[in-house]
Amino acid sequence: MTIDADLQRAVKHHEAGAFLEAEQLYRAILQVRPDHPDANHQLGLLAVQLKQHAMALPFLKAALAASPQRTEFRNRYAEALESTGQRDEAQRVRELGRPQEASSGASAGAGAAAPAANGMSTPEQIFEVAGEFVETIATLTARDDHAGAEVLARQMVRMLPNHGFGWKTLAHASLRRGDLDGALEPLSRAVALLPQDKQLHAHLQAAMAMRKGRALDEARHYDEAEKLYRFVVNCYPQFAEANHKLGVVLIRLYQADAAIPFLEMALGLNPNQPQYWMNYVDALLQSGQTRAAWTALEMGQQRGMSGPAVDAVIGVMTSISSQMITMRPRPITASDEAPSSDTTSPGAGIEPSSAGGPLPTQQECDIALAHFNKGRIKQAIVAGRSLAKRFPSHPTGWKVLGVGHYRLGQYDEAQQALNTASKLGPSDVEVLQVLSSLLMSKKLYDEAEARCKLLLETAPDHAEGQRVMGIILSSQGRLKEAEDYTRKSLASTPDSAAVHVSLGAIMLRRGKHTEAASIFRHALTLDPANHMANENLAFCLSHSEEIEPDELFAEHVRYGERFEKPLKKHWKPHRNSKDPARRLQIGFISGDYHHHAVANFVEPVLEHLARDKSLTLHAYSNTPGEDKVTERMKRHFDHWHYIFGAKDDDVAAQVRADRIDILIDLAGHTANNRLLVMARKPAPVQASWIGYPGTTGLTAVDYFLADRFWVPSDAFRNLFTEKIAYLPAVAPFLPEDMSPPVNALPALRNGHVTFGSFNRIEKLRRDVIAMWSKLLHALPGSRMVVGAMPQDSIPEELIGWFADEGIARERLDFKPRSSIPVYLQQHYHVDICLDTFPFTGLTTTLQALWMGVPTLTLPGRTVPGRSGVTALAHVGLEAYIADDMDDYLRKGVALATDLPALAELRSGMRARCAQSPMFNPDVIAIGFAQALRVMWKNWCDGKPAESFEISQGALQAPVTEEA
């Protein structure tokens, strides 16, 4: 009954011209009933209407096979055959439909025994046996029992090797299977024995052409290969491999439009060949049919197309698809890497020059090394450059020059010098250590790993080398290997706070929050002044549901007391002019001015503020290494200050010298922050925004910028040392510049709902998995995609949690952390995303919304637990916000079982997003500028910081450079 109802709905869509919806329903029926005659017939008709005649053939043929008595099925199939140039086959199909008289004497079947051959001694006997073979094989062939005919033909060539009919039959059997290589021998024998058979000569020519064409193809002689493949296709229009090969060669000859019909024919004949789909997608892309390419990609993935090659083509497709998006997106990533190693003393490991030439004196070397070891980095660089210039074949100058540039974050200069030092002193483990860290910071992970392996081969017990290797592997998502190396380092240096911090960061990324928190606490007992241990502890605890909100707040306050309190006595008064209407100097301090989620949120606001005549923008970049995003962001600032490697006191002095009126932190307690600069209160007004979902714990920071969904009440405001400045939305989200188009709801095709999660692994906890498992149990046919997994392995603990809840491994599809285009395209297989708790997703939820996928979320008791609520509320999806665990289950079941509503929501999701302030940067940027003016006016008036709101209705556009 369900299939009948689905067929009626499909036909209605078909008649109304809603071809995509009709196709999805037809295919859903065929997944359950592959031989369903009407679904096959209708899908074939749809392909014909879309002028994809080759794609129609297998479906029309299947319909006729299921119901051979239906005349319209036979006629449609014959017409499709004629449209693809197969007139003889079309005639044969029509002939088979006419009434047949019983054939006389044709009673042999597939199991018929071969004619007796014993005792053959005369030509008459041989002739008689041959005649029996020929007659029986002909009868079986007429009945389409080709398998039986082939068996007898093999017997015939063994008994009568000089009779051409057996070889001819075997040749036809191979040709029927599309096996031209297998047909070559029997064709050669048959042609030699039947020289007058012109058809056999043509077959042999085609088989030889196919073999020669492959050889020319492999040798990249594509013009010649194309002629041979085309000859084969003309001989055998329904030969899948020849059509495919011809299509591929045409792509390589830059004739993608010409390739498409041949690839479609190949797919129509063999739709379960992933490589055919891959090349079909390539041809569509090259011919400019991007949307069709996305549809073909999805269909190919359903038929097994996967692997790195698919990921690569997704990257190409998304770059092309960017032209189809109405709102300009920005790249988004989310990473929490362990801190890189930048501690070295370049005083050991120096080797004599292997290239000859003059050598520096020991005193000259000692002076250069002393500058570095005493923190006089600029002097060290000058000394190192002088040594390298005067003694270019000695490693010391290059080494000092390289580590000096590295300490200042000048990675290109450092890499060049360190490469030279490494060539001159290949066993210098300090050079290898710094070079490994540098390459890792530039995300050149393979090179970094190779250098670090060389270090550990030279010095197997080098504890810092083991720690650096752990960080390199962790950055690649190879967390188990990273943990092993870091534990080796810890075994050698059990009192090192830095190693404990690295290990804690890895355990946090593995989702082991309790163990990570314990490691960070121990690091603080070893080194109470280690601010990174304290910051990581605060970040780690924000992932825990067990900790009370007040306790989490207290941990952040303890950070402020530990690191800010000693600095307060050194705070200096600010002499900034107290004119509330004057042009303001605004500083943004961040370690994420590169390809990072924070840059994605901040840049659209900066684009607007950069045009505001009442503001001057300063960037204080603590970003290790720069990329294309960095270069692009530089254009939005009037002044760019590179502070990586600079001392906190020096940076604070720079901020004061620049007369910054409002300094805004964009990192909070995350990697490469400069909260200790903020703790020195270098600007009269300071704020924190978007980089961290919680308080800094510093009294030096006056405001935290949020919205009414993120910080909704006094209960949440009381968890901040800052006052809350409310914007129309917390920050703007611009979709990825290369986002794939939204596809149709996969549940309509699959016949079951697929849930998904792409949150960081450290957000996955046993109670989260237990809640998801209840939902999977409530919907027995459902499945789940779990993304963002480590590259090296799926955590056994995670699989075990699902197993403990009774969820079989077969219902789960784990995806490794991948590139943004591949990750976004993975949403093609997900109907509803499930949020984590208590640390919910903001970026992941917004990305899912842009891909048409809603997220079911459960708000937490802290700000990190309200990110999902913020994203969903701004697009009007309150129905996906649960009140409690029971409501989470009820809502999940109800939403997943209303497929029409889910499909409609998916198709209109991007239009819904376009109406949200979170997807409209100008709205937030105007509110942000007004918030800055309110903060400044309060300071000018001598008022303490107080919470306030900039509502969307009260926005006033500032005067811009274009005005």
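From a predicted model like this one, the values you see are computed outputs, not experimental measurements.

Chemist: How should I be thinking about the overall build of the protein chain in this particular structure?
Modeler: Secondary structure summary: the protein chain contains 45 helices and 13 strands in total. When its C-alpha atoms are laid out on the principal axes, the protein chain stretches across 120 × 75 × 60 Å. For the protein chain, the proportion of its 963 residues judged to be buried stands at 56%. Looking at the protein chain alone, contacts between residues at least 24 apart form 66% of all its contacts between residues at least 6 apart. For the protein chain, the accessible surface area stands at approximately 40,200 Å², while carbon and sulfur atoms represent 52% of it. Each charge sign in the protein chain was given a centre, from 101 positive and 112 negative side chains, and these centres are 4 Å apart.

Chemist: Can you walk me through the packing of aromatic side chains in this structure?
Modeler: Two aromatic rings, taken as a pair, are described by how far apart their centres are and by the angle between their planes. Per the counting criterion, the structure on display carries 23 aromatic pairs. Ring geometry for Phe588 versus Phe637: centroids 6.2 Å apart, planes at 70°, classification edge-to-face. Here Phe588 is found in strand β1 (residues 584-590), whereas its partner Phe637 is found in the loop between α32 (628-634) and β3 (639-642), with 49 residues between them in sequence. This pair shows no difference in class: Phe588 is buried, exactly as Phe637 is.

Chemist: I would appreciate a short explanation of the sheet that holds strand β10 (residues 812-816) in the present structure.
Modeler: Backbone-to-backbone hydrogen bonds join strands into a sheet, with any given pair of strands oriented parallel or antiparallel. Read across the open sheet, the five strands follow the order β10-β9-β8-β11-β12; overall the sheet is parallel. If you trace the sheet from one side to the other, it starts and ends with β10 and β12 (855-856), each paired once. As paired strands, strand β8 (residues 754-757) and strand β9 (residues 783-789) are joined by four bridges and run parallel to one another. Counterpart to Gly756 in the pairing with β9 is Val785.

Chemist: Explanation requested: the pattern of salt bridges in the structure shown.
Modeler: Should their charged atoms come close, side chains of opposite charge can pair. One pass over the structure, following the stated rule, counts 41 salt bridges. We note a salt bridge from Arg70 to Glu72, for which the minimum N-O separation is 3.1 Å. Taking relative accessible area as the criterion, Arg70 reaches 25% and is therefore assigned partly exposed. The partner of Lys891 in a salt bridge is Asp887, and the shortest N-O contact between them spans 2.8 Å. One end of the pair is Lys891 and the other is Asp887, both in helix α42 (residues 885-897) and four residues apart, which spans about a single turn.

Chemist: Would you take a moment to explain the environment of Glu241 for this structure?
Modeler: The residue Glu241 is located in helix α13 (residues 240-252) in this model. Look at Glu241 and you get partly exposed, because its relative accessible area is 23%. Put simply, Glu241 and His641 are 400 residues apart on the chain and 60 Å apart in space, counted from C-alpha to C-alpha. Those residues in contact with Glu241 that lie beyond four places of it in its chain are Gly178, Met210, Arg214 and Tyr276.

Chemist: Before we go on, may I ask you to explain the side chain of Ser67 in this structure?
Modeler: Note on placement: Ser67 falls in the loop between α4 (53-66) and α5 (71-83). Other than its neighbours up to four places away in sequence, Ser67 contacts Pro37 and Phe73.

Chemist: What's the story with the pairing of β9 in this structure? I'm lost.
Modeler: For a regular strand, side-chain orientation follows a simple rule: the groups alternate between the two sheet faces. Burial analysis of β9 places six of its seven residues in the buried class, the great majority of the element. With respect to chirality, the unit in which β8 leads through helix α37 (residues 766-778) into the neighbouring parallel β9 is right-handed. Alignment of β9 against β10, held across four bridges, turns out to be parallel. Bridging from a neighbouring strand, Met789 pairs with Pro816 of β10.

Chemist: What is the right way to look at the side chain of Lys763 in this model?
Modeler: When you line up the elements, Lys763 lands in the loop between β8 and α37. Despite its burial, Lys763 pairs with no opposite charge, the nearest such side chain being Asp835 at 6.0 Å. In this structure Lys763 touches His513, His543, Val768, Thr836, Phe837, Phe839, Thr840 and Gly841, once residues within four positions along its chain are discounted.

Chemist: How should I be thinking about helix α11 (residues 198-218) in this particular structure?
Modeler: If you check α11, its first and last C-alpha atoms are 30 Å apart, about what 21 residues at 1.5 Å a residue would give, namely 30 Å. Taken as a whole, α11 has its buried residues at Leu200, His203, Leu204, Ala206, Ala207, Ala209, Met210, Gly213, Arg214, Leu216 and Asp217. Against the buried residues of α11 lie α9 (164-176), α10 (180-193), α12 (222-235) and α13. Sitting at the head of α11, Asp197 places a side-chain oxygen 3.1 Å from the backbone nitrogen of Gln199. A positive phi of about 70° marks Arg220, the residue just after α11.

Chemist: How should helix α31 (residues 597-609) be read in this particular structure?
Modeler: The α-helix advances 3.6 residues per turn, and as a result positions three or four apart in sequence lie on the same side. Relative to the 18 Å expected for 13 residues at 1.5 Å per residue, α31 spans 19 Å between its end C-alpha atoms, a close match to the ideal helical length. Roughly 30° is the biggest bend found in α31, and it falls at Glu603, with proline Pro604 one to four residues downstream. Of all 13 residues in α31, 12 are buried; the element is thus mostly enclosed. The set of residues buried in α31 consists of Ala597, Val598, Ala599, Asn600, Phe601, Val602, Glu603, Pro604, Val605, Leu606, His608 and Leu609.

Chemist: Teacher, can you tell me more about the environment of Ser782 here?
Modeler: When you line up the elements, Ser782 lands in the loop between α37 and β9. Considering only alpha carbons, one finds Ser782 and Ala896, 114 residues apart in sequence, at a separation of 9.3 Å. A distance of 2.5 Å separates a polar atom in the side chain of Ser782 from the backbone oxygen of Leu779.

Chemist: Looking at this structure, how should I read unusual backbone geometry?
Modeler: Most peptide bonds are trans, and most residues other than glycine sit at a negative phi. With an omega of 5°, the peptide bond running from Phe837 to Pro838 counts as cis. Along the chain, Pro838 turns up in the loop between β11 (832-834) and α40 (843-850). For Arg220, which is not a glycine, the phi torsion comes out positive at approximately 70°. Among the structural elements, Arg220 can be located in the loop between α11 and α12.

Chemist: For this particular structure, what's the right way to read the packing of α4 against helix α14 (residues 256-269)?
Modeler: Any two packed helices are characterised by how steeply their axes cross, that is the angle between the axes, and by the distance between the axes. Their axes nearest at 7 Å, the elements α4 and α14 cross at an angle of 10°. Compared by their axis directions, α4 and α14 come out roughly parallel. Seen from α4, the contacting residues are Ala54, Met55, Leu57 and Pro58; seen from α14, they are Glu264, Met265, Leu267 and Gly268.

Chemist: For this particular structure, what's the right way to read the confidence of the model for the protein chain?
Modeler: Any region with low pLDDT has predicted coordinates that should not be read closely. Confidence along the protein chain averages 86 in pLDDT terms, with 91% of residues attaining 70 or more. Long-range and interchain partners of residues 100-121, a stretch whose pLDDT sits below 50, account for 32 contacts in this model, where long-range means more than four residues apart. Under a pLDDT of 50 for its full length, residues 322-355 has, in the predicted model, 120 contacts with residues more than four places off or in other chains.

So, how was this worked out
- Residues numbered from 1 in each chain as written.
- Predicted model: local features only at pLDDT ≥ 70, side-chain atom pairs only at ≥ 80, totals over all residues.
- Heavy atoms only, no water.
- Helix = DSSP H or I, 4+ residues; strand = E, 2+ residues; numbered from the N terminus.
- Buried < 20%, exposed > 50% of the residue type's maximum accessible area, 1.4 Å probe, protein only.
- Contact = heavy atoms within 4.5 Å.
- Areas by Shrake-Rupley, 256 points an atom, 1.4 Å probe, with all protein chains shown as cover.
- Lys, Arg positive; Asp, Glu negative; His and termini not counted.
- Charge placed at Lys NZ, Arg CZ, Asp CG, Glu CD.
- Phe/Tyr/Trp six-rings, centres within 6.5 Å; stacked < 30°, edge-to-face > 60°.
- Pairing = 2+ DSSP bridges.
- Salt bridge = Lys/Arg side-chain N within 4 Å of Asp/Glu carboxyl O.
- Right-handed = clockwise from strand over helix to strand, strands pointing away.
- Expected span 1.5 Å × (residues − 1).
- Polar contact = N/O pair within 3.5 Å; in protein donor to acceptor, adjacent residues only side chain to side chain.
- Bend = angle between axes of the 7 residues up to and from the residue.
- Axes fitted to C-alpha atoms, helices over the stretch in contact; angles between N-to-C directions.
- Parallel < 35°, antiparallel > 145°, perpendicular 65-115°, else oblique.
- pLDDT = per-residue confidence, 0-100.

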